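Here is what each chain is made of, one letter per residue.
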Amino acid sequence: MAYDNVTAREPSMAERLDAELRDAHPIEILRAAVAHYGGRLALVSSFGAESAVLLHMLSQVQPDTPVLFLDTGHLFGQTLDYRKQLAAHLGLTNVRDIRPLYQDLATADPQAKLWQTDTDACCRIRKVEPLDRALGDFAAWITGRKRFHGGDRLRLRVVEEADGKVKFNPLANWGKAELDAYAAEHELPAHPLVAQGFPSIGCWPCTQPVAEGEDVRAGRWKGLDKTECGIHVARAPGAVTDMGGDI
Ligand code: SF4
């Protein structure tokens, strides 16, 4: 039979870690990420509505891990304040503000209104490309994505690989009740916009409050056929960036 000559492919490191960690507690997953990747590991956080849980866990495991915060230039003032207050509160010592290149803004978005005409191009110069540059030599990164947010995230693995980097998603298995319980147990300060009806918070032009019963991310790019910013879409080397994930 032709099958006799087929040799099974060795599982990749990400696949092995995913098999080991798929039912693990988020803190275990963070510990494994630090143990395997140490100084070549970063966490990417929007300091948004649910960010405090993962950032608190990181502060318990390795508080000097680089935390990359994408300051797109269009964030709510409340998010910028929250980023400073939460980082200080949790004792995170290595939060890095990542910004778009001045020349990209001067060329492609001189009036800071690109979001009105081309949200994909706006996300590309303000989020996707700055994060690509910031992740540079890191071998692995940690995200706060969760399956319960729906869409493409329903199939989210705990450990995956994209663009040659390993991605850890420690909260993939957690639901809203677990997040709320953890935040209450550790008395984590909430993003101030949560109380105003924003369960998911990005840039101010592209974020609206949601009505009761709507999906968590229903207020993001409302009215557009867009649900993600492109950060989590795997790209082949040299390929045009597909605009489709956010943190
Ligand atoms: Fe621009 Fe909106 Fe994307 Fe922010 S979320 S980078 S304002 S298109």
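Computed from a predicted model, the values in this text were never measured in an experiment.

Enquirer: So, the nonpolar core: which residues are in play, and what are the values?
Expert: The biggest cluster of nonpolar side chains holds 45 residues, and the ones touching the most others in it are Leu21, Phe47 and Phe168. When near neighbours in sequence (up to four residues on either side) are disregarded, Phe47 contacts Leu55, Val67, Phe69, Thr79, Tyr82, Arg83, Leu86, Ala87, Val95 and His191. Residues Leu68, Ile98, Val128 and Leu135 belong to the second largest nonpolar core, which totals 11 residues.

Enquirer: Explain the environment of Ala140 to me, using residue names and the numbers behind them.
Expert: With respect to the helices and strands, Ala140 occurs in strand β4 (residues 140-142). Among the residues examined, Ala140 registers a relative accessible area of 0% and is labelled buried. Residues Ala140 and Ala162, spaced 22 residues apart in sequence, show a C-alpha to C-alpha distance of 9.7 Å.

Enquirer: Describe the site of the ligand, naming the residues involved and giving the relevant values.
Expert: In the vicinity of the ligand lie 10 residues, with Thr119, Cys122, Cys123, Cys203 and Cys206 positioned nearest. No other element matches helix α7 (residues 119-135), which puts five residues into the shell around the ligand. Classifying every residue of the shell around the ligand by side-chain character gives six nonpolar, two polar and two charged.

Cut-offs applied
- Residues numbered from 1 in each chain as written.
- Predicted model: local features only at pLDDT ≥ 70, side-chain atom pairs only at ≥ 80, totals over all residues.
- Heavy atoms only, no water.
- Core = buried A, V, L, I, M, F, W, Y, C linked by side-chain atoms within 4.5 Å.
- Buried < 20%, exposed > 50% of the residue type's maximum accessible area, 1.4 Å probe, protein only.
- Contact = heavy atoms within 4.5 Å.
- Helix = DSSP H or I, 4+ residues; strand = E, 2+ residues; numbered from the N terminus.
- Near = heavy atom within 4 Å.
- Nonpolar A, V, L, I, M, F, W, Y, C, P; charged D, E, K, R; others polar.

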